[in-house]
Amino acid sequence: MSRGNAVFLVTRRYMQKNRKRNILYILGLTLCIALLVCVFIGRDTAVRYMADVTAAGSGDWHIAFSNVRKGEYEKIASYPFVAKVGISGNEGDTVFPQSGNPERPFLNIRLYNSSMFSMANIHVSEGRLPQREGEVVLSRTALDDGGTIALGDTIKVQTFRRFIHNFSGTDLVFPFLELQIKAGQTVKVGDSFGYFPEGDAFYKECQEIHVPTGYETSLRVVGFMEVPYYENAGQAAYTALTYLPDRSTTEPTDSSFGKVTVSVELTDGSLNSGAVSGLRSQLEEEWGDRVTFNDKVLSFFGMSGDSTINKIIAAAQIFFVLFILAATMILIRNIFNISYEQRCRYLGMLSSAGATARQKRSSVYYEAFRLLMPSLPLGFFSGLLIVWGGVRILKPITEMMQQGAALAILSDVPVRLTVRPGAVFLVVCCSVGIVLLSALRPAARIGKVGPIESIRGVEDAAGGRRAQGSRRIVHRKKPFIRESGIRLLAKGFFRHEKQQQGSIVRALAVFFAIIMTVSYAGTGVIQMVDYKLNRSSDEVVGDELKRKWSVVSDGDESADMDQVYSQLKKTAGIRNLIRYDESTPGVFTSTARDLYSQEYWNALYQVLKQYGVSKKAFTRDYYQNGFFGTVSVLALDDREFDKMLKAVGGDSEGSGDNPTDHVAGAEKVVSCILCSSGNLSTDSYQIWGKKPSGYKYVEISRMTDKKVGDRIQTTLTGDDGKDHAVSFRIAGIGDIKQVSRWLKINDGQYIRLFVRESLVKWANRRLKQAFSTVISFDAGKEAEPVLSQIESAKHLQLVDSGSLESGSFLEMVAKMIRTLMLLFLLFSSLICFLNVYNSVCSLFVVRRRQNAMLRSVGMTRREMRRLVLREFSGLILKAVLVSLPVSAALCLVFDRVIMEAFGRFSIPVPYGMIGLMILATAVVVLCIAQCRCKREAASDIIEEIKTESI
């Protein structure tokens, strides 16, 4: 037998004698590989599933080319990244006499070929889809709105395009439609433009013009479909889809050229390979404004105009992969280091028989990769199972996030494991690399040790000297002397046994670092998603002020909210009644610049810079000239106002309002509480007609430099169009956190002022409806008749706040992220726990003979437990001290790399959660050590002294 085969044979026999250690190695490596599968393949699977769910609510197409000309269809179909092609056409609107809604008197006629029906996710609720020319399927809302239409009816179609002519002397702006009509201009309006019934004030300034398209036909109704994703309740026409023959798929007719839209689905290969990231700019350069992208779906593949969330996910992916690799490398390295003594002995014997240093190193690599072979398939398939189960668990959350689609449609979306060859290659490479790097140092160390040193065993000599010295220390009768001996033994352990304590400290330090960094990073990621997605209006929050029911007015002056509030006060069963009144008065142009702090102006420039605004233009157009600011005023009743004033430590003596408001033209002086902090982002602050180059969010600690006692001069515009001066005297100042019991501020671009409800009474009397009012409350069964009256009132709306809150988009996204973070923390903690457990148990194995000798010279079980407690308490403290700077450095990297790309904001450190997890880990480690100590105390002393195995 050759020396090389002999080395491998001895290595295999050594592995057979250490089955527990091998199982621990395989288990740890399996968990590592499973986590890598979750990171690489799990991300692809989750992204694909969320894209499929999003497509169910926004269409399954990826790119649409409009106004396709002759010869361009073949060019589109020949693109290598195109998997499926659909053709559609919009023939315009036609009058719909059977409509039951006077604000929706038209049908929007669209032509779809068979592929386009599936790409647009058209689902029939009654009847069937069109299968030949002359058949049509209508939106279900036409029936729901009271339309007198049924299956089999015939509709005469004469389509036209809608134009709006502005004959007034001023420009008209429709901000929600991003439409501006200049004075004297006639513009074509899109499908989303609403209809104004006869007699509306709209016709005092504009005229609606219908231009015939020449498309005339008769269509037979063969079905009713679920509302398409592009139809909204405010548009003037219901959607009607008719059949476009399949021959148009291969070559549209000459008459249709320039009118059809060609939609395509991208191949899975192009989506999953990441090649789509550069496709957008290429197609925009080639097709200009004739190409449209389904950003809702493509954002999951890094091809949308706003890739902020994608960047966050990619950065978090890299961050967590490095953590997994570091934790696993330390586990494997500790396993090899712990078995160093025994490995030195048997390889030292082979050295004496002629084994070279290279052959000894190959023994370590052979063992490492032999254990990798079963770990790789186990970890890979375990990871796939975890990914599949995880996506299944998150499936209900993902479905609820798509509020625009029917649940029946979303529930049919399957969970597909997306296994890319590139992802599998990364998992294998990372697994092989981690094993190789972990075995590198132990192999080099083994190769340098000579045969004499290996056989003699340096650790034995050191242990023997320590044990002999220990005999004199512990063989005393006086308690204080024996206590001193325990302290000296512990001190000797920390001074001399660097290798054994180092493995435990490394394992615990990595564990603690993962706990601290993942907790901090998880909080940061949730906050980033919160800031990016939650641009909705402010919501009332807090245990004291959160109510189930809310009453709001539709803006009609006949709805008297004062009477509603008074009636609810008297109604039995109404609890936790509270009223909120809000307004946004303007700030005088001359004082707006002085109102805002320099921190606000710096933040505003950081946001506007994303729109291409230079420093010079910012100073000229925003800071120096023409800036008109607004503040947001929220009125509370006196009881809640006093509570908030006390919470922020305000001036209660100067919190009253002036009684002289009856004087005509006199300035109204009102006491207020100022919320000093806020935020700006490219979502909340936009420039008309421009798109930002990237997303930017900036947190502002001081929106203004105003102090308690200062005044903010504003104007409130009355119903008569006149401005009335209102001066807000600051009685207290708080931040967003302090006022969060009363209001959750999502959009923090305004300076927030909280006032007493007396201002609302004055404004309603003097200015007529200057404030919008919301009344929130809880109601018992005895109040049900009053709820029914409110619900049936013409100008009031009763809103179930509890149902809205539980289904909010942000809450579901945050829940998903928390779940993923907890899963990562759980599996990475398992790897770290295996590392800690292996290190603790191996320490007792290495010190088995030493502990037996200490017991032989008189050390009791109680003293042994006290010694173990002292040693491991020191190790835990040392691990915490080592992990603190490491965690701080990693958190700093997280701040600088991710935050700088996203914006500037502060992340609260979850001290409580981190402390509890570290304390729980320390208790578990001490329990393991005490259990091992108890087990060692029950063993036979003579046998332990004789043993040489690990």
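Residues numbered from 1 in each chain as written. Predicted model: local features only at pLDDT ≥ 70, side-chain atom pairs only at ≥ 80, totals over all residues. Heavy atoms only, no water.

- Going by an unreviewed UniProt entry, the protein chain carries the name FtsX-like permease family protein and comes from Porcincola intestinalis.
- Quoted verbatim from the Sequence similarities (unreviewed entry) field of the UniProt record, the comment on the protein chain reads "Belongs to the ABC-4 integral membrane protein family."
- UniProt annotates the protein chain under Subcellular location (unreviewed entry) with the comment "Cell membrane". (UniProt positions renumbered as here; feature names shortened; annotations may be inferred.)

**What to know about the overall build of the protein chain**
Okay, step 1: When you go through the protein chain residue by residue, the secondary structure sums to 31 helices and 26 strands.
Okay, step 2: Each of the 950 residues in the protein chain was classed as buried or not, and the buried ones make up 51%.
Okay, step 3: Intrachain contacts of the protein chain at a sequence separation of at least 6 include 84% that bridge at least 24 residues.
Okay, step 4: Surface summary for the protein chain: the accessible area is close to 44,300 Å², and the carbon and sulfur share equals 56%. (Helix = DSSP H or I, 4+ residues; strand = E, 2+ residues; numbered from the N terminus. Buried < 20%, exposed > 50% of the residue type's maximum accessible area, 1.4 Å probe, protein only. Contact = heavy atoms within 4.5 Å. Areas by Shrake-Rupley, 256 points an atom, 1.4 Å probe, with all protein chains shown as cover.)

**Details of the nonpolar core**
Okay, step 1: Core analysis: the biggest nonpolar cluster contains 78 residues, and Leu36 and Phe872 have the highest contact counts within it.
Okay, step 2: The leading source of residues in this core is helix 2 (residues 19-58), at 15 residues.
Okay, step 3: In this view, Leu36 contacts Ile41, Val321, Ile324, Leu325, Val427, Cys430 and Ser431; residues no more than four positions away in its chain are not counted.
Okay, step 4: Residues Val82, Leu271, Phe293 and Val297 belong to the second largest nonpolar core, which totals 44 residues. (Core = buried A, V, L, I, M, F, W, Y, C linked by side-chain atoms within 4.5 Å.)

**Some remarks on the sheet that holds strand 26 (residues 903-904)**
Okay, step 1: Pairing is mixed in the open sheet, where three strands are placed in the order 19-20-26. The outermost strands of the open sheet, each flanked by one partner alone, are strand 19 (678-681) and strand 26.
Okay, step 2: The sheet contact formed by strand 20 (residues 697-700) and strand 26 spans two bridges and is parallel. What sits directly across from Val698, in strand 26, is Arg904.
Okay, step 3: With respect to the sheet, helix 21 (residues 598-608) is in contact with strand 19, strand 20 and strand 26, its orientation differing from that of strand 20 by roughly 175°. (Pairing = 2+ DSSP bridges. Axes fitted to C-alpha atoms, helices over the stretch in contact; angles between N-to-C directions.)

**Here we look at the side chain of Ser677**
Okay, step 1: Here Ser677 is to be found in the loop between strand 18 (668-675) and strand 19.
Okay, step 2: Given a relative accessible area of 10%, Ser677 falls into the buried group.
Okay, step 3: Within polar-contact distance, the side chain of Ser677 engages the backbone nitrogen of Ile736 at 2.8 Å.
Okay, step 4: If we skip the residues at most four places from it in the chain, Ser677 touches Ile700, Ser701, Met703, Gly734, Asp735 and Ile736. (Polar contact = N/O pair within 3.5 Å; in protein donor to acceptor, adjacent residues only side chain to side chain.)

**So, the side chain of Gln610**
Okay, step 1: Structurally, Gln610 is set in the loop between helix 21 and helix 22 (615-624).
Okay, step 2: Given the relative accessible area of 15%, Gln610 is considered buried.
Okay, step 3: Those residues in contact with Gln610, other than ones at most four positions away along the chain, are Thr682, Lys691, Pro692, Ser693, Gly694 and Lys696.

**A few points about the environment of Gly86**
Okay, step 1: Along the chain, Gly86 turns up in strand 2 (residues 82-95).
Okay, step 2: Classification of Gly86 as buried rests on a relative accessible area of 0%.
Okay, step 3: Note: C-alpha distance between Gly86 and Ala64 (22 residues apart in sequence) is 9.2 Å.
Okay, step 4: With residues near it in sequence (within four places) discarded, Gly86 still touches Asn113, Ser115, Met116, Met119, Thr261, Val262 and Ser263.

**What about a positive patch on the surface?**
Okay, step 1: Together, Arg861, Arg862, Arg865 and Lys934 line one region of the surface with positive charge.
Okay, step 2: Counting residues per element, the positive patch draws most heavily on helix 29 (residues 861-902), at three residues.
Okay, step 3: In this structure, Arg862 sits in helix 29.
Okay, step 4: A residue is classified by how much of its surface remains accessible, and Arg862, at 60% relative accessible area, is exposed. (Patch = residues over 30% accessible without salt bridge, like charges linked within 9 Å, V, L, I, M, F, W, Y side chains within 5 Å. Salt bridge = Lys/Arg side-chain N within 4 Å of Asp/Glu carboxyl O. Lys, Arg positive; Asp, Glu negative; His and termini not counted. Charge placed at Lys NZ, Arg CZ, Asp CG, Glu CD.)

**As for the packing of helix 2 against helix 14 (residues 421-448)**
Okay, step 1: Look at helix 2 against helix 14: their axes get within 9 Å of each other, and the N-to-C directions meet at 150°. What the angle tells us is that helix 2 and helix 14 run roughly antiparallel. Helix-helix and strand crossings are classified by hand; for helix 2 and helix 14 the assignment is right-handed. Every residue of helix 14 that contacts helix 2 at Tyr25, Leu29, Cys32, Ile33, Leu36, Val37, Phe40, Ile41 and Asp44 is listed here: Ala423, Val424, Leu426, Val427, Cys430, Ser431, Ile434 and Val435. (Parallel < 35°, antiparallel > 145°, perpendicular 65-115°, else oblique. Left-handed = near helix turned anticlockwise from the far one by under 90°.)

**So, the pattern of salt bridges**
Okay, step 1: Under the criterion given, the structure shown has 16 salt bridges.
Okay, step 2: Between Lys643 and Glu640 there is a salt bridge, with its nearest N and O atoms 3.9 Å apart. A residue pair is termed a helical-turn pair when its members lie 3 or 4 positions apart in one helix, as Lys643 and Glu640 do in helix 23 (residues 638-647) at three residues.
Okay, step 3: Through salt bridges with shared partners, one network takes in Arg128, Arg132, Glu135 and Arg220.

**Observations regarding the pairing of strand 22 (residues 723-734)**
Okay, step 1: Here strand 22 lies mainly inside the structure; nine of its 12 residues are buried.
Okay, step 2: Direction of pairing for strand 18 relative to strand 22: parallel, over a ladder of eight bridges. If you follow Val670 over to strand 22, its bridge partner there is Phe728.
Okay, step 3: Note: strand 21 (residues 711-717) against strand 22, seven bridges, orientation antiparallel. When the sheet's bridge partners are listed, Thr714 is paired in strand 22 with Val726.

**Some remarks on the packing of aromatic side chains**
Okay, step 1: Counted under the stated rule, the structure contains 18 aromatic pairs.
Okay, step 2: Judged by centre distance (6.5 Å) and plane angle (55°), the ring pair of Phe193 and Phe202 falls under tilted.
Okay, step 3: Ring centres of Phe202 and Tyr203 lie 5.3 Å apart, and the angle between their planes is 80°; on these two criteria the pair is classed as edge-to-face.
Okay, step 4: Clustering of aromatic rings is evident, with ring pairs tying together Tyr596, Tyr600, Trp601, Tyr605 and Phe618.
Okay, step 5: For the cation-ring pair, Arg110 lies above Tyr230, with the distance from its terminal atom to the ring centre recorded as 4.2 Å.
Okay, step 6: It is Lys615 that lies over the ring of Tyr605; its NZ or CZ is 4.5 Å from the centre. (Phe/Tyr/Trp six-rings, centres within 6.5 Å; stacked < 30°, edge-to-face > 60°. Lys NZ or Arg CZ within 6 Å of the ring centre and 35° of its normal.)

**Brief notes about the UniProt feature "transmembrane region" (unreviewed entry) in the protein chain**
Okay, step 1: Cross-referencing UniProt, the feature "transmembrane region" (unreviewed entry) maps to residues 22-42, 312-336, 368-391, 422-440, 504-526, 820-846, 867-890 and 910-929 in the present numbering.
Okay, step 2: Secondary structure over residues 910-929 splits into 95% helix and 0% strand, and the C-alpha atoms at its two ends are 29 Å apart.

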